[in-house]
Amino acid sequence: MRRSQGFTLIELLVVIAIIAILAAILFPVFAQAREKARQTSCLSNQKQLGLAFMMYAQDYDESLPLVSQADFTTAATADISWTRSLQTYIKNKQVLRCPSDSSARWGNSTTPDYYITSYGFNAWLKADNPFSTYASIASPSKVIVLSESADASTRDHFAPYFWIYDAQMNAQPWYAGAYPGLHAGSFDDAKNEAKNIAVRRHSEGFNNVYGDGHAKWNRWRQLWWQDASANPPILQGSFDPRQQ
């Protein structure tokens, strides 16, 4: 009698076990590769936006674009948001979305379209603050202009001067009264990091656009620092336009 050439149960179980082990090893690698691709795509978006900022500044006497809500001095206005004013140069709204951003703002029809962006503009640089032109920034290549917004963010900008108390902002009559509430809403003192920035969106870091138009990936701890000995003091690290 000829012996059957099929697999025994034990042989099948061994093969299944090997496949399971290989899957356990390879699936995280594939996931990391996919995330790296999304990170690269996001960085490409930001490089396009960085170039658009530079082109905008060339057309408007070195001024940076506006945000839709100028805190307490100007009402929210859709038409002045940088997400709209830069469309002249990028002509593509998809550039405003990071591939890793699956937050609710992209599916919420009640969110104003000028707030639907994965990226936030540094409010230090908006029109009613003293660093709204390139001429007013000593080292643009060191200053972050655009960063990745946290999933819960519903604005087109973020304000680093609410992350830590800044005496220079006392010149704004609304600052001292607004600081306690806006600090609590935008900064986690226990973790010493911003709440309204997606500080771990890409491999424990996030992408940023700098004042000279270049974009790169950073970890939060690389960007958040203080130098009280500087004149004037640098309180918000790489987000602070007072860097020399």
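Structure shown above.
So, how was this worked out
Residues numbered from 1 in each chain as written. Predicted model: local features only at pLDDT ≥ 70, side-chain atom pairs only at ≥ 80, totals over all residues. Heavy atoms only, no water. Buried < 20%, exposed > 50% of the residue type's maximum accessible area, 1.4 Å probe, protein only. Helix = DSSP H or I, 4+ residues; strand = E, 2+ residues; numbered from the N terminus. Arc of directions from axis to C-beta. Contact = heavy atoms within 4.5 Å. Disulfide = S-S within 2.5 Å. Pairing = 2+ DSSP bridges. Salt bridge = Lys/Arg side-chain N within 4 Å of Asp/Glu carboxyl O. Core = buried A, V, L, I, M, F, W, Y, C linked by side-chain atoms within 4.5 Å. Patch = residues over 30% accessible without salt bridge, like charges linked within 9 Å, V, L, I, M, F, W, Y side chains within 5 Å. Areas by Shrake-Rupley, 256 points an atom, 1.4 Å probe, with all protein chains shown as cover. Phe/Tyr/Trp six-rings, centres within 6.5 Å; stacked < 30°, edge-to-face > 60°.

1. Quick look at helix 4 (residues 175-186)
- Every buried residue of helix 4 is listed here: Tyr175, Ala178, Tyr179, His183 and Ser186. Buried residues in helix 4, looked at end-on, bunch into an arc of 130°, giving them a common side. The outward face of helix 4, more than 90 degrees from its buried face, is lined by the exposed residues Gly177, Pro180, Gly181 and Gly185.
- For helix 4, the elements touching its buried residues are strand 4 (187-188) and strand 5 (193-194).

2. Examining the state of the cysteines
- Considering all chains together, one arrives at zero disulfides under this definition.
- Free cysteine: Cys42, not disulfide-bonded; nearest cysteine sulfur from Cys98 at 3.6 Å.

3. Thoughts on the pairing of strand 1 (residues 119-122)
- Across three bridges, strand 1 lies against strand 2 (residues 144-148) in antiparallel orientation. Across the sheet, Phe121 pairs through a bridge with Leu146, a residue of strand 2.
- Direction of pairing for strand 1 relative to strand 3 (residues 157-158): parallel, over a ladder of two bridges. Directly across from Asn122, in strand 3, lies its bridge partner Phe158.

4. Some points on the pattern of salt bridges
- Scanning the entire structure with this criterion turns up eight salt bridges.
- The partner of Glu193 in a salt bridge is Arg200, with the nearest N and O atoms 2.9 Å apart.
- The network of salt bridges with shared partners includes Asp101, Arg105, Glu148, Asp151 and Arg201.

5. Re the nonpolar core
- Among the nonpolar cores identified, the biggest contains 37 residues, and Leu49, Phe53, Trp82, Phe121 and Tyr161 are the most heavily contacted of them.
- When residues of this core are traced back to their parent elements, those giving at least two are helix 1 (9-59), helix 3 (87-90), strand 1, strand 2 and helix 4.
- A total of seven residues in this core trace back to one element, the largest contributor, which is helix 1.
- Other than its neighbours up to four places away in sequence, Phe121 contacts Phe53, Leu64, Pro65, Val67, Trp82, Lys126, Val145, Leu146, Asp156, His157 and Phe158.

6. Some remarks on a nonpolar patch on the surface
- Where nonpolar side chains cluster on the molecular surface, the patch consists of Leu9, Leu12, Leu13 and Ile16 and spans about 410 Å² of accessible area.
- Secondary-structure assignment places Ile16 in helix 1.

7. Brief notes about the side chain of Gln236
- Structurally, Gln236 is set in the segment after helix 5 (220-223).
- Setting aside its immediate chain neighbours within four residues, Gln236 contacts Trp124, Pro160, Tyr161, Ile164, Asp166, Leu223, Trp224, Trp225 and Arg242.

8. Observations regarding unusual backbone geometry
- Each neighbour pair has its own omega, and for Asn231 with Pro232 the value is 0°, a cis peptide bond.
- With respect to the helices, strands and loops of the structure, Pro232 is situated in the segment after helix 5.
- Here Asp61, not a glycine, exhibits a phi torsion of approximately 50°, which is positive.
- Note that Asp61 resides in the loop between helix 1 and helix 2 (82-85).
- Backbone geometry at Glu62 places phi at a positive 65°, although glycine is not the residue there.
- Mapped onto the fold, Glu62 is located in the loop between helix 1 and helix 2.
- Judged by relative accessible area, which is 41%, Glu62 ranks as partly exposed.

9. Considering the sheet that holds strand 2
- Spatial ordering of the open sheet is given by 3-1-2-6-7, a layout of five strands whose pairing is mixed. The open sheet is flanked by strand 3 and strand 7 (215-218), the only strands paired with a single partner.
- Relative to strand 7, strand 6 (residues 206-210) runs antiparallel, the two sharing four bridges. From the neighbouring strand, Asn207 faces strand 7, where its bridge partner is Trp217.

10. Quick look at the packing of aromatic side chains
- For the structure shown, the criterion picks out 22 aromatic pairs.
- For the ring pair Trp220 and Trp224, a centre distance of 5.4 Å and an interplane angle of 20° mean the geometry is stacked. Judged on exposure class, the residue Trp220 and its partner Trp224 are both buried.
- Ring-pair connections join several aromatic residues into one group, and the members of that group are Trp124, Phe131, Tyr161, Phe162, Tyr165, Trp174, Tyr175 and Tyr179.

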